[in-house]
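Chain residues, written in single-letter form:
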Amino acid sequence: MPRLKVTIVGSGNWGSAIAKIIGNNVASSDDFDPTVTMYVYEEIVEGKKLTEIINEQHVNVKYLPGILLPPNVYAEPDLVKACEKADILVFVVPHQFIHRICSSIKGKIKPSAVGISLIKGFVQAENRGIQLISALIKDMLQIEVSVLMGANIASEVAKEQFCETTIGCKDSFTGSILKKLMQSENFRVTVVDDIDTVEICGALKNIVACAAGFADGLGLGDNTKAAIIRLGLMEMIQFVDQFYSGANLATFFESCGIADLITTCYGGRNRRCSELYVKLKKPLKEIEEEYLNGQKLQGPLAAEEVMFMLEDKRVVDKFPLFSAVHEVFLGKMPPEKMLEVLRNHPVHK
Ligand SMILES: NC(=O)c1ccc[n+]([C@@H]2O[C@H](COP(=O)([O-])OP(=O)(O)OC[C@H]3O[C@@H](n4cnc5c(N)ncnc54)[C@H](O)[C@@H]3O)[C@@H](O)[C@H]2O)c1
Ligand SMILES: O=P(O)(O)OC[C@H](O)CO
């Protein structure tokens, strides 16, 4: 069987961390081409092209400093060139850029390619609903798309600290190939076929993380945070039940569900920036620019996308925590009022 060529579309914090795992895995397997191409959105860092720095020093000095990438990971600034020969496309860009990426490579990739999305977020659909990122990629590129989501803070994965993750994949053969590509000693993969639930968990947990950040900003303790995690989980389950029925409840107990909620509500960027939003009372855009050095938040945008749909379907009252996060970011609700939302949550009535 010819070796499968892998391209990583994205090179941010998570894109670079996963490139380390994929680079090591393809180098030690006969199933894959030994060189991994990583599409890098070109920028100048300290007077030099980021692609040149990565290819010479094997470090993404801007988005994952201090971590050595395997030398077989090749940074490519030309998106079409990076993707045209790939058999497996690993999509890992902040979700606000995926539509543009797909437009650029539409009709220019192998028809037999398969995709896997590591992107946590939604896109707004024309019918005032939301579309899953995997569905957008599938529609635009006409390829099968699996997903990978889990309790995976990139900096910890890059340091090879133990964690688990979940691949959602309908086809068991593709699932086994993707597992071979992604799993390592300290990055353990479970494959499930409940693909929509896996992806929705990844997108919605970022909204809950913002609420956890507000609680930290208000100086509230671990009990309150645990309540936010629990109520957030209830809303995630309710959301899937209402809009994507047929989910397996067990999926929420995989790494993509409860585990990602926990890690993100304690350690993630959405949590951290939401805490700063409450403490510094500055616009979120300013906080993102000042504290994330080009990395992008996904939670506030996901809250906006989800609320757009919930308002249209007139079911906002069933999702008071998601709604509160959006209202706080819009400046329509003071963060302190989130406590009232928790107190009066429908599960307490
Ligand atoms: N970082 C994590 O810990 C982590 C873990 C799991 C999942 N994720 C998810 O992975 C996805 C990607 O996150 P990340 O952490 O790799 O990215 P990031 O937050 O580090 O974002 C920076 C990336 O965006 C790119 N970028 C900036 N402007 C762009 C443009 N106009 N077009 C295309 N690219 C542009 C930059 O070049 C850089 O590669 C997100 O959906 C995130 O939720 C992140
Ligand atoms: O840093 P965050 O908030 O984008 O979360 C990172 C990952 O999604 C955690 O699994």
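No experiment lies behind these values; they were computed from the predicted model shown. (Residues numbered from 1 in each chain as written. Chains lettered and ligands numbered in written order. Predicted model: local features only at pLDDT ≥ 70, side-chain atom pairs only at ≥ 80, totals over all residues. Heavy atoms only, no water.)

Q: Can you help me understand the domain arrangement of the protein chain in this one?
A: Many analyses report the size of an interface as the accessible area lost when the parts associate. One can read the domain layout of the protein chain as domain 1 (4-193) and domain 2 (203-348). With centres defined by C-alpha atoms, the gap from domain 1 to domain 2 works out at 25 Å. When the two sides are added together, the surface that domain 1 and domain 2 hide from each other amounts to roughly 2,400 Å², 59% of it contributed by carbon and sulfur. Summed over the shared surface of domain 1 and domain 2, the number is 1 salt bridge. (Domains from an automatic or database assignment. Buried area = accessible area lost by both parts, 1.4 Å probe. Salt bridge = Lys/Arg side-chain N within 4 Å of Asp/Glu carboxyl O.)

Q: Sorry if this is basic, but what is going on with the site of ligand 2 here?
A: Taken together, the residues surrounding ligand 2 are Lys120, Gly150, Ala151, Asn152, Ile153, Lys205, Asp260, Thr264, Gly268, Arg269 and Asn270. Here an oxygen atom of ligand 2 and a side-chain polar atom of Lys120 are 2.9 Å apart. With respect to ligand 2, the backbone of Asn152 contributes an N or O atom lying 3.0 Å from an oxygen atom. Protein chains bury 92% of the 310 Å² of accessible surface belonging to ligand 2 in isolation. In a pocket analysis with a 2 Å cut-off to the grid points, ligand 2 is assigned to the largest pocket. Looking at the shell around ligand 2, the elements with two or more residues in it are helix H10 (255-267) and helix H11 (269-280). Split by residue class, the shell around ligand 2 holds 2 nonpolar, 5 polar and 4 charged. (Near = heavy atom within 4 Å. Polar contact = N/O pair within 3.5 Å; in protein donor to acceptor, adjacent residues only side chain to side chain. Areas by Shrake-Rupley, 256 points an atom, 1.4 Å probe, with all protein chains shown as cover. 1 Å grid on protein atoms, 1.4 Å probe; cavity = no way out; pocket = protein on both sides within 12 Å on 5 of 7 lines; lining within 4 Å. Sits in = over half its atoms within 2 Å of the grid points. Helix = DSSP H or I, 4+ residues; strand = E, 2+ residues; numbered from the N terminus. Nonpolar A, V, L, I, M, F, W, Y, C, P; charged D, E, K, R; others polar.)

Q: It is not clear to me how the site of ligand 1 should be interpreted in this structure. Could you clarify?
A: Around ligand 1 there are 24 residues in total, and Asn13, Lys120, Ala154, Lys296 and Gln298 lie nearest to it. Tyr41 is positioned such that a nitrogen or oxygen atom in its side chain is 3.4 Å from a nitrogen atom of ligand 1. Protein burial of ligand 1: of its 850 Å² of free accessible surface, 92% is covered by the chains. Here ligand 1 is seated within the largest pocket. Ranked by residue count, the leading element in the shell around ligand 1 is helix H1 (residues 13-27), at 3 residues. Its residues assigned to classes, the shell around ligand 1 shows 11 nonpolar, 8 polar and 5 charged. A domain-level breakdown of the shell around ligand 1 finds at least three residues from each of domain 1 (4-193) and domain 2 (203-348).

Q: Can you walk me through the packing of aromatic side chains in this structure?
A: Note on aromatic pairs: each is described by the distance of the centres and the angle between the planes. Here the structure, examined in full by the defined rule, presents 8 aromatic pairs. A centroid spacing of 5.2 Å and a plane angle of 65 degrees characterise the contact between Phe214 and Phe329, whose relative ring orientation is edge-to-face. With Phe214 in helix H8 (residues 195-217) and Phe329 in helix H14 (residues 320-330), this pair connects stretches of sequence that are 115 residues apart. Relative accessible area serves as the criterion here: at 0%, Phe214 is assigned to the buried category. On the numbers, 5.9 Å between centres and 10 degrees between planes, the contact of Phe319 with Phe322 is stacked. Across the pair, exposure class does not vary: Phe319 and Phe322 are buried alike. Through pairs of rings, three or more aromatic residues link up here, namely Phe122, Phe239, Phe243, Phe319 and Phe322. (Phe/Tyr/Trp six-rings, centres within 6.5 Å; stacked < 30°, edge-to-face > 60°. Buried < 20%, exposed > 50% of the residue type's maximum accessible area, 1.4 Å probe, protein only.)

Q: Which parts of the structure should I look at to understand the sheet that holds strand E12 (residues 187-192)?
A: Sheet strands pair by backbone hydrogen bonding; their relative direction is either parallel or antiparallel. In spatial order, the strands read E5-E2-E1-E6-E7-E10-E11-E12; together these 8 strands make up an open sheet with mixed pairing. Two strands lie at the open edges of the sheet, namely strand E5 (73-76) and E12, each paired on one side alone. Averaged over all pairs of adjacent strands, the angle between strand axes in this sheet comes to 25 degrees, irrespective of strand direction. Relative to E12, strand E11 (residues 163-168) is paired through 6 bridges, and the arrangement is parallel. Bridge assignment links Gly168 to a residue of E12, and that residue is Val192. Packing against the sheet, helix H5 (residues 133-141) makes contact with strand E6 (88-91), strand E7 (114-117) and strand E10 (144-149), and its axis sits at approximately 155 degrees to E10. (Pairing = 2+ DSSP bridges. Axes fitted to C-alpha atoms, helices over the stretch in contact; angles between N-to-C directions. Contact = heavy atoms within 4.5 Å.)

Q: Is there a simple way to think about helix H2 (residues 50-57) in this case?
A: An α-helical segment advances 3.6 residues per turn. Residues three or four places apart therefore align on the same side. Among the residues of H2, Leu50, Thr51, Ile53 and Ile54 are the ones counted as buried. Looking down the long axis of H2, one finds its buried residues gathered within 165 degrees of arc, a one-sided arrangement. Residues of H2 that are buried sit in contact with strand E2 (32-39), strand E3 (44-45), strand E4 (48-49) and E5. Count one or two residues on from H2 and you reach His58, which has phi positive near 60 degrees. (Arc of directions from axis to C-beta.)

Q: Sorry, what's going on with H14 here?
A: The element H14 is extensively covered by neighbouring structure, given that 9 of its 11 residues are classed as buried. Listing the buried residues of H14 in full gives Pro320, Leu321, Phe322, Ser323, Ala324, Val325, His326, Val328 and Phe329. As for H14, its buried residues are in contact with H8, helix H9 (222-243), H11, helix H12 (284-292), helix H13 (299-312) and helix H15 (338-343). The first or second residue beyond H14 is Gly331, which carries a positive phi of 80 degrees.

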